[in-house]
Amino acid sequence: KIKFVGNIMIDSLISQLPKAKLRAKKLLNSFEIKEKDYILITLHRPSNVDNKLKLEKILNQINSVGKKCKVIFPLHPRTKKTLNELENKFSNICFIDPLSYIDFLSLEFYSKLVITDSGGIQEETTFLNIPCATLRENTERPITIDEGTNFLIKNVDFIETLILDLLKIKEICQRKPPKFWDGKTAKRVLQEIISKKL
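Calculation notes
Residues numbered from 1 in each chain as written. Predicted model: local features only at pLDDT ≥ 70, side-chain atom pairs only at ≥ 80, totals over all residues. Heavy atoms only, no water. Pairing = 2+ DSSP bridges. Helix = DSSP H or I, 4+ residues; strand = E, 2+ residues; numbered from the N terminus. Axes fitted to C-alpha atoms, helices over the stretch in contact; angles between N-to-C directions. Disulfide = S-S within 2.5 Å. Buried < 20%, exposed > 50% of the residue type's maximum accessible area, 1.4 Å probe, protein only. Arc of directions from axis to C-beta. Contact = heavy atoms within 4.5 Å. Phe/Tyr/Trp six-rings, centres within 6.5 Å; stacked < 30°, edge-to-face > 60°. Lys NZ or Arg CZ within 6 Å of the ring centre and 35° of its normal.

Draft legend 1. Highlighting the sheet that holds strand β3 (residues 93-96). Taking strand neighbours across the sheet as the criterion, the six strands line up as β3-β2-β1-β4-β5-β6 in an open arrangement whose pairing is parallel. Strands with a single pairing partner mark the edges of an open sheet, and in this sheet they are β3 and β6 (150-152). Here the strands of the sheet are splayed against their neighbours by 20 degrees on average, with no regard to which way each runs. The sheet contact formed by strand β4 (residues 113-116) and strand β5 (residues 132-134) spans three bridges and is parallel. In the strand pairing of β5, Val 114 is matched with Cys 132.

Draft legend 2. Inspection of the state of the cysteines at higher detail. Following the criterion strictly, the structure yields zero disulfides and no others. Counting only cysteine sulfurs, Cys 69 is the nearest neighbor of Cys 132, a cysteine outside any disulfide, at a range of 15 Å. Note on Cys 132: relative accessible area 0%, which makes it buried.

Draft legend 3. Layout of the pairing of strand β1 (residues 38-42). Counting buried positions along β1 yields five of five residues, so the element is predominantly enclosed. The alternating pattern of β1 places Tyr 38, Leu 40 and Thr 42 on one face and Ile 39 and Ile 41 on the opposite face, and all of these are buried. Note that β1 and strand β2 (residues 70-74) share three bridges and pair parallel. Among the inter-strand pairings, Leu 40 is bridged to a residue of β2, identified as Ile 72. Both β1 and β4 contribute to a ladder of four bridges, which runs parallel.

Draft legend 4. Representation of helix α8 (residues 159-168) within the structure. Among the residues making up α8, those that are buried are Ile 159, Ile 163, Leu 164, Leu 166 and Leu 167. Considered in projection along α8, the buried side chains sweep an arc of 160 degrees and stay on one side of the axis. Tucked into the core, α8 has its buried residues touching β1, α3 (52-65), β4, β5 and β6.

Draft legend 5. Fine view of the packing of aromatic side chains. The final tally for this structure, using the stated rule, is three aromatic pairs. When the centroid spacing of 4.8 Å and the interplanar angle of 90 degrees are considered together, the rings of Phe 109 and Tyr 110 count as edge-to-face. Given the relative accessible area of 15%, Tyr 110 is considered buried. We note Lys 179 situated over the ring of Phe 180; from NZ or CZ to the ring centre the distance is 5.1 Å. Of note, Arg 188 hangs over the ring of Phe 180, and the distance from its end group to the ring centre comes to 4.0 Å.

Written out as structure tokens, the structure is:
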């Protein structure tokens, strides 16, 4: 009685991608960045951002990476709260206000690499074929590792080393998105409902 229909979030991404691409030029200019020449970051999970010492360790390593590649970091309110308790010594990280979904998708689409702890972004980068470093001990989206471009960083002591290794990859091989990640999931849901006359 269970039907495999796909990933409804990819429907949303595909429907909004044209708008995001239209916004991209303005955003890239405003942050003085070029296509595929910057790292985009989003962190919000308590395990990463609530502990000052752990967040500082993460940011110190990302700040070092920022010497070699521009880093854009839209701040989640939870992350900003802890960051405000730290000495601001992260001069190689461009902290910005939170972005709308469309604006974030714009920057994500043209990024060289994404660093995140967000489940949804792991899926988006897999579909967009963008390298993604996930600061988590595990992921509820294992398909993004098995079939996608997602790499888990379980130990924050190795963030800088692993990120620099990922940046050396000139081009992620083009992979097909996972099955039914095609923007037609909603249609398949409707077809199944109609066929069962629920």
